[in-house]
Amino acid sequence: MALQFSTVTRKGPITIVTLSRPEVYNALHTDAHFELEGVFNDFAADPEQWVAIVTGAGDKAFCAGNDLKWQASGGKRGWGESGFGGLTSRFDCDKPIIAAVNGVAMGGGFEIALACDLIIAAENAVFALPEPKVGLAALAGGLHRLPRQIGLKRAMGMILTARHVPAREGLELGFVNEVVPQGEALAAAERWAETICKNSPMSIRASKQTLSRGLEVALPQTIAEQRDYPAVKAMVASQDYIEGPKAFSEKRAPNWQGK
(Lines give C-alpha, C1' and ligand atoms only; values in the text may rest on other atoms or scores of the structure.)
Protein backbone atom coordinates (compact mmCIF):
# COMPACT_ATOMS: atom_id res chain seq x y z
CA MET A 1 0.00 0.00 0.00
CA ALA A 2 1.45 3.36 -1.05
CA LEU A 3 1.38 5.79 1.88
CA GLN A 4 0.79 9.54 1.51
CA PHE A 5 -0.02 10.73 5.01
CA SER A 6 2.02 8.40 7.20
CA THR A 7 5.21 6.38 7.24
CA VAL A 8 5.81 2.90 8.60
CA THR A 9 9.14 1.62 9.92
CA ARG A 10 9.71 -1.86 11.29
CA LYS A 11 12.44 -2.63 13.80
CA GLY A 12 12.29 -6.36 14.41
CA PRO A 13 8.88 -7.04 15.99
CA ILE A 14 8.16 -3.32 16.53
CA THR A 15 6.13 -1.28 14.03
CA ILE A 16 6.57 2.50 14.17
CA VAL A 17 3.77 4.51 12.55
CA THR A 18 4.44 8.22 12.01
CA LEU A 19 1.59 10.60 11.23
CA SER A 20 3.08 12.69 8.44
CA ARG A 21 1.22 15.92 7.81
CA PRO A 22 3.57 18.30 9.65
CA GLU A 23 2.39 21.30 7.63
CA VAL A 24 -0.92 21.07 9.55
CA TYR A 25 0.51 19.77 12.84
CA ASN A 26 -0.33 16.23 11.70
CA ALA A 27 -4.05 16.96 11.73
CA LEU A 28 -6.00 14.23 9.96
CA HIS A 29 -8.57 14.27 7.19
CA THR A 30 -10.67 11.54 5.59
CA ASP A 31 -7.99 10.09 3.33
CA ALA A 32 -5.51 9.97 6.19
CA HIS A 33 -7.99 8.11 8.41
CA PHE A 34 -8.56 5.41 5.82
CA GLU A 35 -4.83 5.12 5.14
CA LEU A 36 -4.13 4.65 8.85
CA GLU A 37 -6.91 2.10 9.12
CA GLY A 38 -5.06 0.02 6.53
CA VAL A 39 -1.72 0.54 8.29
CA PHE A 40 -3.03 -0.72 11.62
CA ASN A 41 -4.97 -3.54 9.95
CA ASP A 42 -1.65 -4.72 8.51
CA PHE A 43 0.03 -4.47 11.89
CA ALA A 44 -2.74 -6.41 13.63
CA ALA A 45 -2.65 -9.17 11.02
CA ASP A 46 1.15 -9.59 10.89
CA PRO A 47 2.29 -12.35 13.28
CA GLU A 48 5.87 -11.06 13.12
CA GLN A 49 4.88 -7.66 14.53
CA TRP A 50 4.28 -7.63 18.28
CA VAL A 51 4.12 -3.98 19.39
CA ALA A 52 3.24 -0.73 17.58
CA ILE A 53 4.28 2.84 18.30
CA VAL A 54 2.42 5.83 16.87
CA THR A 55 4.04 9.27 16.79
CA GLY A 56 3.96 12.50 14.79
CA ALA A 57 6.33 13.94 12.20
CA GLY A 58 8.34 16.99 13.18
CA ASP A 59 9.07 18.38 16.62
CA LYS A 60 5.90 20.37 17.28
CA ALA A 61 2.96 18.01 17.10
CA PHE A 62 1.82 14.48 17.73
CA CYS A 63 -1.56 15.21 16.14
CA ALA A 64 -3.65 18.38 16.22
CA GLY A 65 -6.80 16.34 15.70
CA ASN A 66 -9.38 16.89 13.00
CA ASP A 67 -8.22 19.02 10.06
CA LEU A 68 -10.67 21.86 10.58
CA LYS A 69 -9.40 23.84 7.58
CA TRP A 70 -10.05 20.83 5.38
CA GLN A 71 -13.54 20.51 6.84
CA ALA A 72 -14.29 24.25 6.56
CA SER A 73 -13.24 24.27 2.91
CA GLY A 74 -15.85 21.62 2.13
CA GLY A 75 -13.66 18.56 2.47
CA LYS A 76 -15.52 15.35 3.18
CA ARG A 77 -15.33 14.28 6.83
CA GLY A 78 -15.37 10.70 8.04
CA TRP A 79 -13.37 7.60 8.86
CA GLY A 80 -13.63 3.84 8.71
CA GLU A 81 -14.82 1.25 11.19
CA SER A 82 -11.63 1.49 13.25
CA GLY A 83 -12.25 5.15 14.06
CA PHE A 84 -10.21 8.35 14.14
CA GLY A 85 -6.66 7.68 13.01
CA GLY A 86 -7.51 4.02 12.53
CA LEU A 87 -7.41 3.49 16.30
CA THR A 88 -10.20 5.04 18.39
CA SER A 89 -12.76 2.31 17.57
CA ARG A 90 -10.24 -0.53 17.20
CA PHE A 91 -11.37 -2.75 20.06
CA ASP A 92 -10.16 -6.10 18.71
CA CYS A 93 -6.38 -5.55 18.58
CA ASP A 94 -4.73 -7.47 21.41
CA LYS A 95 -1.21 -6.27 20.57
CA PRO A 96 0.12 -3.34 22.61
CA ILE A 97 0.12 0.11 20.98
CA ILE A 98 2.20 2.94 22.45
CA ALA A 99 1.70 6.66 21.80
CA ALA A 100 4.98 8.60 21.60
CA VAL A 101 3.60 12.12 22.04
CA ASN A 102 6.23 14.53 20.76
CA GLY A 103 4.21 17.78 20.86
CA VAL A 104 0.59 18.91 20.84
CA ALA A 105 -2.08 16.22 21.12
CA MET A 106 -5.36 18.04 20.65
CA GLY A 107 -8.89 16.77 20.13
CA GLY A 108 -8.72 13.69 17.98
CA GLY A 109 -4.97 13.57 18.51
CA PHE A 110 -5.51 13.22 22.25
CA GLU A 111 -8.21 10.65 21.53
CA ILE A 112 -5.71 8.60 19.50
CA ALA A 113 -3.29 8.71 22.43
CA LEU A 114 -6.01 7.72 24.91
CA ALA A 115 -6.87 4.74 22.68
CA CYS A 116 -3.28 3.50 22.99
CA ASP A 117 -2.17 1.26 25.85
CA LEU A 118 0.68 3.51 26.98
CA ILE A 119 1.44 7.22 26.54
CA ILE A 120 5.05 8.40 26.58
CA ALA A 121 5.22 12.18 26.44
CA ALA A 122 7.97 14.66 25.72
CA GLU A 123 8.17 17.64 28.08
CA ASN A 124 6.75 19.90 25.36
CA ALA A 125 3.66 17.71 24.90
CA VAL A 126 0.31 19.36 25.55
CA PHE A 127 -3.03 17.56 25.76
CA ALA A 128 -6.58 18.86 25.41
CA LEU A 129 -10.10 18.12 24.25
CA PRO A 130 -10.84 21.60 22.86
CA GLU A 131 -13.84 20.61 20.73
CA PRO A 132 -16.33 22.83 22.66
CA LYS A 133 -14.30 25.87 21.59
CA VAL A 134 -15.28 25.19 17.96
CA GLY A 135 -18.81 23.87 18.49
CA LEU A 136 -17.91 20.19 18.48
CA ALA A 137 -17.57 17.37 21.02
CA ALA A 138 -14.91 14.68 21.53
CA LEU A 139 -17.02 11.85 20.13
CA ALA A 140 -14.10 9.69 18.96
CA GLY A 141 -13.83 8.17 22.42
CA GLY A 142 -12.32 11.02 24.43
CA LEU A 143 -15.49 11.71 26.45
CA HIS A 144 -15.57 8.06 27.52
CA ARG A 145 -11.92 7.09 27.82
CA LEU A 146 -10.70 10.12 29.79
CA PRO A 147 -13.03 9.65 32.82
CA ARG A 148 -12.30 5.94 32.81
CA GLN A 149 -8.57 6.64 32.93
CA ILE A 150 -8.37 9.57 35.38
CA GLY A 151 -11.72 9.66 37.19
CA LEU A 152 -14.94 11.60 36.66
CA LYS A 153 -14.19 14.92 38.36
CA ARG A 154 -10.71 15.31 36.90
CA ALA A 155 -12.02 14.45 33.44
CA MET A 156 -14.93 16.88 33.79
CA GLY A 157 -12.46 19.58 34.73
CA MET A 158 -10.53 19.07 31.49
CA ILE A 159 -13.55 18.52 29.25
CA LEU A 160 -15.79 21.38 30.40
CA THR A 161 -13.01 23.97 30.39
CA ALA A 162 -11.29 22.61 27.25
CA ARG A 163 -8.03 23.62 28.93
CA HIS A 164 -4.55 22.59 27.86
CA VAL A 165 -2.76 20.10 30.11
CA PRO A 166 1.06 19.89 29.99
CA ALA A 167 2.89 16.57 30.03
CA ARG A 168 3.90 16.73 33.71
CA GLU A 169 0.30 17.28 34.78
CA GLY A 170 -0.78 14.42 32.52
CA LEU A 171 1.64 12.21 34.44
CA GLU A 172 0.17 13.39 37.76
CA LEU A 173 -3.37 12.84 36.50
CA GLY A 174 -2.46 9.33 35.41
CA PHE A 175 -2.98 9.22 31.66
CA VAL A 176 0.76 9.62 30.88
CA ASN A 177 3.16 6.79 31.77
CA GLU A 178 6.46 8.67 31.45
CA VAL A 179 7.68 12.18 30.65
CA VAL A 180 11.02 12.56 28.87
CA PRO A 181 13.03 15.51 27.53
CA GLN A 182 11.88 17.16 24.32
CA GLY A 183 12.88 15.12 21.29
CA GLU A 184 13.15 11.84 23.18
CA ALA A 185 9.56 10.56 23.15
CA LEU A 186 10.08 8.09 20.31
CA ALA A 187 13.31 6.70 21.76
CA ALA A 188 11.62 6.23 25.13
CA ALA A 189 8.63 4.54 23.49
CA GLU A 190 11.01 2.18 21.71
CA ARG A 191 12.61 1.37 25.07
CA TRP A 192 9.17 0.47 26.46
CA ALA A 193 8.40 -1.60 23.36
CA GLU A 194 11.70 -3.47 23.57
CA THR A 195 11.00 -4.28 27.22
CA ILE A 196 7.54 -5.58 26.31
CA CYS A 197 9.08 -7.73 23.56
CA LYS A 198 11.22 -9.57 26.11
CA ASN A 199 7.99 -11.17 27.30
CA SER A 200 5.94 -13.76 25.48
CA PRO A 201 3.79 -11.98 22.88
CA MET A 202 1.11 -14.60 23.43
CA SER A 203 1.06 -13.79 27.15
CA ILE A 204 1.01 -10.07 26.43
CA ARG A 205 -1.98 -10.44 24.08
CA ALA A 206 -3.81 -12.67 26.58
CA SER A 207 -3.14 -10.14 29.32
CA LYS A 208 -4.34 -7.15 27.29
CA GLN A 209 -7.48 -8.92 26.11
CA THR A 210 -8.33 -10.18 29.59
CA LEU A 211 -7.83 -6.75 31.12
CA SER A 212 -9.87 -4.99 28.44
CA ARG A 213 -12.75 -7.44 28.53
CA GLY A 214 -12.67 -7.67 32.29
CA LEU A 215 -13.26 -3.94 32.69
CA GLU A 216 -16.53 -4.30 30.79
CA VAL A 217 -18.17 -6.80 33.16
CA ALA A 218 -18.39 -7.63 36.87
CA LEU A 219 -15.31 -9.16 38.51
CA PRO A 220 -16.87 -12.59 39.26
CA GLN A 221 -17.99 -12.88 35.63
CA THR A 222 -14.63 -12.06 34.07
CA ILE A 223 -12.75 -14.41 36.40
CA ALA A 224 -15.19 -17.19 35.51
CA GLU A 225 -14.99 -16.50 31.77
CA GLN A 226 -11.36 -15.47 31.23
CA ARG A 227 -10.07 -18.90 30.24
CA ASP A 228 -12.48 -18.86 27.32
CA TYR A 229 -11.18 -15.57 25.94
CA PRO A 230 -9.65 -16.19 22.49
CA ALA A 231 -6.22 -14.74 23.32
CA VAL A 232 -6.03 -16.78 26.54
CA LYS A 233 -6.93 -19.97 24.69
CA ALA A 234 -4.34 -19.12 22.00
CA MET A 235 -1.69 -18.59 24.69
CA VAL A 236 -2.39 -21.96 26.29
CA ALA A 237 -2.20 -23.67 22.88
CA SER A 238 0.99 -21.89 21.83
CA GLN A 239 4.62 -22.96 21.76
CA ASP A 240 5.37 -20.06 24.09
CA TYR A 241 3.31 -21.75 26.80
CA ILE A 242 5.80 -24.63 26.69
CA GLU A 243 8.92 -22.57 26.04
CA GLY A 244 8.50 -20.21 29.01
CA PRO A 245 8.62 -22.80 31.82
CA LYS A 246 11.28 -24.80 29.92
CA ALA A 247 13.57 -21.77 29.57
CA PHE A 248 13.06 -20.92 33.25
CA SER A 249 13.99 -24.44 34.37
CA GLU A 250 17.05 -24.42 32.09
CA LYS A 251 18.10 -20.97 33.35
CA ARG A 252 18.25 -19.40 29.89
CA ALA A 253 16.50 -16.66 27.98
CA PRO A 254 13.30 -17.88 26.30
CA ASN A 255 13.01 -18.08 22.54
CA TRP A 256 9.52 -16.72 21.99
CA GLN A 257 7.72 -17.81 18.83
CA GLY A 258 4.63 -15.65 19.14
CA LYS A 259 2.47 -18.55 18.11
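What you see is a predicted model, and the numbers here were worked out from it, not measured in a lab.

Draft legend 1. Region of interest: the pattern of salt bridges. With the rule as written, the count across this model stands at eight salt bridges. Notably, a salt bridge pairs Arg 168 with Glu 123, separated by 3.2 Å at the nearest N-O pair. In this pair, Arg 168 is assigned in helix H6 (residues 167-173) and Glu 123 in the loop between strand S7 (118-122) and strand S8 (126-128), connecting sequence segments 45 residues apart. The exposure class of Arg 168 is partly exposed, given its relative accessible area of 45%.

Draft legend 2. Up close: helix H7 (residues 185-196). The first and last C-alpha atoms of H7 sit 17 Å apart over 12 residues, in line with the 16 Å expected at 1.5 Å per residue. Turning to H7, its buried residues number three or more, namely Ala 185, Ala 188, Ala 189, Glu 190, Ala 193 and Ile 196.

Draft legend 3. Structural context of the packing of helix H3 (residues 108-115) against helix H4 (residues 142-150). Packing of H3 against H4 leaves a shortest axis separation of 10 Å and a crossing angle of 50°. Relative to H4, the element H3 is oriented oblique. When you trace H3 past H4, the crossing you get is left-handed. Contact residues: Phe 110, Glu 111, Leu 114 and Ala 115 in H3; Gly 142, Arg 145, Leu 146 and Gln 149 in H4. Looking at the contact of H3 with H4 residue by residue, the classes come out as four nonpolar, two polar and two charged.

Draft legend 4. Just the domain arrangement of the chain, in detail. Split by domain assignment, the chain resolves into domain 1 (6-197) and domain 2 (200-250). When each unit is reduced to the centre of its C-alpha atoms, the spacing between domain 1 and domain 2 is 27 Å. In this complex, domain 1 contributes nine residues to the contact, which on the side of domain 2 involves six residues. Taken together, the two surfaces of domain 1 and domain 2 that pack against each other cover about 670 Å², and 57% of this comes from carbon and sulfur. At the boundary of domain 1 and domain 2, one finds one salt bridge. Joining domain 1 to domain 2, the criterion identifies four residue pairs in polar contact (both at pLDDT 80 or more). Here the side of domain 1 that touches domain 2 is built from residues that sort into five nonpolar, one polar and three charged.

Draft legend 5. Broad picture of the sheet that holds strand S2 (residues 14-19). The six strands lie next to each other as S1-S2-S3-S5-S7-S10, forming an open sheet whose pairing is mixed. Either end of the sheet is taken by a strand with one partner, and the two such strands are strand S1 (6-11) and strand S10 (178-180). Adjacent strand axes in the sheet meet at a mean angle of 20°, parallel and antiparallel pairs treated alike. Bridge count between strand S5 (residues 97-101) and S7: four bridges; the pairing is parallel. Bridge pairing links Val 101 to Ala 121 in S7. Packing against the sheet, helix H1 (residues 30-45) makes contact with S1, S2, strand S3 (51-56) and S5, and its axis sits at approximately 175° to S2.

Draft legend 6. Seen up close, unusual backbone geometry. Notably, Tyr 25 is not glycine yet its phi reads approximately 55°, a positive angle. Following the sequence through the fold, Tyr 25 ends up in the loop between S2 and H1. For Tyr 25, a relative accessible area of 39% gives the class partly exposed. Of note in the backbone geometry, Ala 162 takes a positive phi value of approximately 60° without being a glycine. Tracing the backbone shows Ala 162 in the loop between helix H5 (152-161) and strand S9 (165-166).

Each value, and the rule that gives it
- Residues numbered from 1 in each chain as written.
- Predicted model: local features only at pLDDT ≥ 70, side-chain atom pairs only at ≥ 80, totals over all residues.
- Heavy atoms only, no water.
- Salt bridge = Lys/Arg side-chain N within 4 Å of Asp/Glu carboxyl O.
- Helix = DSSP H or I, 4+ residues; strand = E, 2+ residues; numbered from the N terminus.
- Buried < 20%, exposed > 50% of the residue type's maximum accessible area, 1.4 Å probe, protein only.
- Expected span 1.5 Å × (residues − 1).
- Axes fitted to C-alpha atoms, helices over the stretch in contact; angles between N-to-C directions.
- Parallel < 35°, antiparallel > 145°, perpendicular 65-115°, else oblique.
- Left-handed = near helix turned anticlockwise from the far one by under 90°.
- Contact = heavy atoms within 4.5 Å.
- Nonpolar A, V, L, I, M, F, W, Y, C, P; charged D, E, K, R; others polar.
- Domains from an automatic or database assignment.
- Buried area = accessible area lost by both parts, 1.4 Å probe.
- Polar contact = N/O pair within 3.5 Å; in protein donor to acceptor, adjacent residues only side chain to side chain.
- Pairing = 2+ DSSP bridges.

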